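# Commentary on secondary and tertiary structure
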Amino acid sequence: MDYLPFTRPTLDEETIQGVVDVLRSGWLASGPQVAAFEQALSSYVGGRAVRSFTSATGALEVALQACGIGPGDEVITPALSFAATANVILRVGAKPVFVDVDLATRNLDCNLIEQKITPRTRAILPVHFAGLPVDMDALYDLARKHKLRVIEDAAHAIGSHWQGKKIGSFGDIVSFSFHPNKNMTSLEGGALSFANADELPRIDQLRFHGIVRGAEGAMDVVVAGGKYNLTDVAARVGLGQLKQLDGFNAQRRALAAYYFEHFHTDPPCLLPARGDAGHSWHMFAPLLPLDTIKISRHDFIQKMHARGIGVGVHYPALHLFSLYRALGYSTGDFPNAERIGRETVTLPLFPAMSLADVERVCVAAAQILRDAKK
Ligand SMILES: *Cc1c(COP(=O)(O)O)cnc(C)c1O
């Protein structure tokens with residue numbers, strides 16, 4: 001049987017041909033394809049201001065800088081995410097202040113935010129984990145009450161909806177990733193959707209060398225900007241993907257629903273929250289019952305691999321990495337993030353998968369856990 005990875009991008013022939021055309025066009029860096037991609041993304045999120053970047057990591061860094069966040073400032077963020085979410089806070093010189101997440105939704109627990117707010121707090125940087133939106137009412141109520149900026153890490157959540165509204169179509173600043181593992185790709189890439197179009201010039205400067213163009217071609221540099229502009233090749237891939245995104249996400253939802261029907265193990269795993277129709281199912285990640293089985297997570301992953309099935313780990317708790325321990329965080333600080341970090345396994349879920357593939361994963365996991373029962 002073919003190896004089933006935990007994720008794989010789907011590129012259609014039309015997109016591949018489009019890339020060939022871009023390569024032949026002679027315009028490779030940011031040009032007409034980038035403009036078209038940003039226009040298409042903006043339409044997708046209801047006409048908001050949108051800028052593309054070489055990665056979501058770059059986009060998040062620019063978002064923090066655009067908010068004027070730097071040394072002496074604090075940013076509240078979940079203890080469970082990809083390293084980029086917290087690293088960018090350090091990269092602009094600010095301090096990440098972690099909060100624990102909910103065991104089922106894996107999203108930061110909004111009830112824990114307020115006790116972390118200090119006079120230095122400038123922003124909240126939540127993650128819509130696995131494509132399940134955080135409680136946007138609770139989040140933005142807090143942000144308004146304490147006059148905080150919100151930078152949403154929506155790397156998993158393009159096409160997700162909160163109470164019928166698309167993530168990125170509202171909210172302060174929203175960051176998407178188009179890394180090949182995400183729900184759509186531009187090879188590498190990311191984007192910001194932001195509420196306040198007056199921030200556009202500043203974001204453009206931070207994205208590209210701080211350059212400002214004046215009359216008659218005059219050029220000035222006003223800030224030590226970065227260099228995060230997307231290539232036209234990447235943008236062409238993104239354009240092809242964006243057209244297919246809603247279809248991709250519909251297939252992800254169907255596969256996730258099938259997992260909920262067929263993923264039954266003894267001992268049982270703790271399944272992620274089901275969410276509603278607005279969930280874009282970036283991944284399906286149960287928690288292994290490590291206390292009641294004789295094997296480790298590593299063993300489980302090896303045994304799945306031996307059956308031709310790829311399994312990922314998303315993610316170890318952030319605060320237990322050396323970088324964050326050095327800031328004073330330690331084991332025991334965020335029990336849910338730590339438990340998820342220890343027990344989570346990401347099972348295959350991507351649009352080109354079939355229901356039979358899901359069935360195969362369910363059977364393999366059930367066998368392995370049954371054989372490993374204490
Ligand atoms: C992938 C990811 C990022 C970073 O995205 P890049 O485009 O690879 O820079 C940030 N946050 C989360 C939650 C991610 O999953």
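Residues numbered from 1 in each chain as written. Predicted model: local features only at pLDDT ≥ 70, side-chain atom pairs only at ≥ 80, totals over all residues. Heavy atoms only, no water.

### Regarding the packing of helix α2 (residues 32-44) against helix α7 (residues 232-262)
At their nearest, the axes of α2 and α7 sit 7 Å apart, and the two run at 25 degrees to each other. By the angle between their axes, α2 is roughly parallel relative to α7. Crossing handedness for the pair α2 and α7: left-handed. In contact with P32, Q33, V34, A36, F37, A40, L41 and Y44 of α2, α7 contributes D232, A235, R236, G238, L239, L242, L245 and D246. In terms of residue class, the contact of α2 with α7 is made up of 11 nonpolar, 2 polar and 3 charged. (Axes fitted to C-alpha atoms, helices over the stretch in contact; angles between N-to-C directions. Helix = DSSP H or I, 4+ residues; strand = E, 2+ residues; numbered from the N terminus. Parallel < 35°, antiparallel > 145°, perpendicular 65-115°, else oblique. Left-handed = near helix turned anticlockwise from the far one by under 90°. Contact = heavy atoms within 4.5 Å. Nonpolar A, V, L, I, M, F, W, Y, C, P; charged D, E, K, R; others polar.)

### Describing the side chain of D100
Inspection of the secondary structure assignment puts D100 in the loop between β3 (95-99) and β4 (121-124). Buried charge without a partner: D100 forms no salt bridge, and the closest opposite charge is K116, 9.2 Å away. In contact with D100, other than residues within four places in its own chain, are L108, D109, L112, F334, P335, N336 and A337. (Buried < 20%, exposed > 50% of the residue type's maximum accessible area, 1.4 Å probe, protein only. Lys, Arg positive; Asp, Glu negative; His and termini not counted. Salt bridge = Lys/Arg side-chain N within 4 Å of Asp/Glu carboxyl O.)

### Notes on helix α1 (residues 13-25)
When the terminal C-alpha atoms of α1 are compared, their 18 Å separation across 13 residues agrees well with the 18 Å that a helix rising 1.5 Å per residue should span. For α1, the complete set of buried residues consists of T15, G18, V19 and V22. Down the axis of α1, the smallest arc covering the buried residues is 105 degrees, so these residues share one side. Exposed and facing more than 90 degrees away from the buried side of α1 are E13 and R24. Elements in contact with the buried residues of α1: α2 and α7. (Expected span 1.5 Å × (residues − 1). Arc of directions from axis to C-beta.)

### Here's the deal with the site of the ligand
Within the structure, the ligand sits among 16 residues, and T57, D153, H156, S177 and K182 are positioned closest to it. Taking K182, its side chain carries an N or O atom lying 3.0 Å from an oxygen atom of the ligand. Taken together, the elements giving at least two residues each to the shell around the ligand come down to α3 (56-66) and α4 (83-91). Looking at side-chain class alone, the shell around the ligand contains 6 nonpolar, 8 polar and 2 charged residues. (Near = heavy atom within 4 Å. Polar contact = N/O pair within 3.5 Å; in protein donor to acceptor, adjacent residues only side chain to side chain.)

### So, the pattern of salt bridges
Evaluation of the coordinates by the stated rule reveals 15 salt bridges. Between D204 and R207 there is a salt bridge whose closest N-O contact spans 3.7 Å. In this pair, D204 and R207 both sit in helix α6 (residues 200-207), 3 residues apart, roughly one turn of the helix. For R207, a relative accessible area of 12% corresponds to the buried category. Ionic contacts of the salt-bridge type, sharing partners, join the residues E38, R51, D204 and R207 into one network.

### Here we look at α7
In this model, α7 (31 residues) spans 42 Å end to end at C-alpha, consistent with the 45 Å of a helix rising 1.5 Å per residue. Where α7 bends most, the angle comes to about 50 degrees, and this point is Q244. (Bend = angle between axes of the 7 residues up to and from the residue.)

### Points about the nonpolar core
Soluble globular proteins: nonpolar side chains tend toward being buried together. Counting residues in each nonpolar core, the largest one holds 57 residues, and the members touching the most others are I113 and L139. When we break this core down by domain, the ones giving at least three residues each are domain 1 (13-239) and domain 2 (245-372). Contact partners of L139, with chain neighbours within four places excluded, come to C110, I113, I124, P126, V134 and V150. Residues I301, F350, V361 and C362 belong to the second largest nonpolar core, which totals 31 residues. (Core = buried A, V, L, I, M, F, W, Y, C linked by side-chain atoms within 4.5 Å. Domains from an automatic or database assignment.)

### Points about the pairing of β4
Sheet topology places strand β2 (residues 74-78) next to β4; 3 bridges connect them, and they run parallel. Among the inter-strand pairings, E74 is bridged to a residue of β4, identified as T121. Where β4 and strand β5 (residues 149-153) come together, 2 bridges link them in parallel fashion. Bridging from a neighbouring strand, A123 pairs with R149 of β5. On the question of chirality, the crossover connecting β4 to the parallel β5 by way of helix α5 (residues 136-146) is right-handed. (Pairing = 2+ DSSP bridges. Right-handed = clockwise from strand over helix to strand, strands pointing away.)

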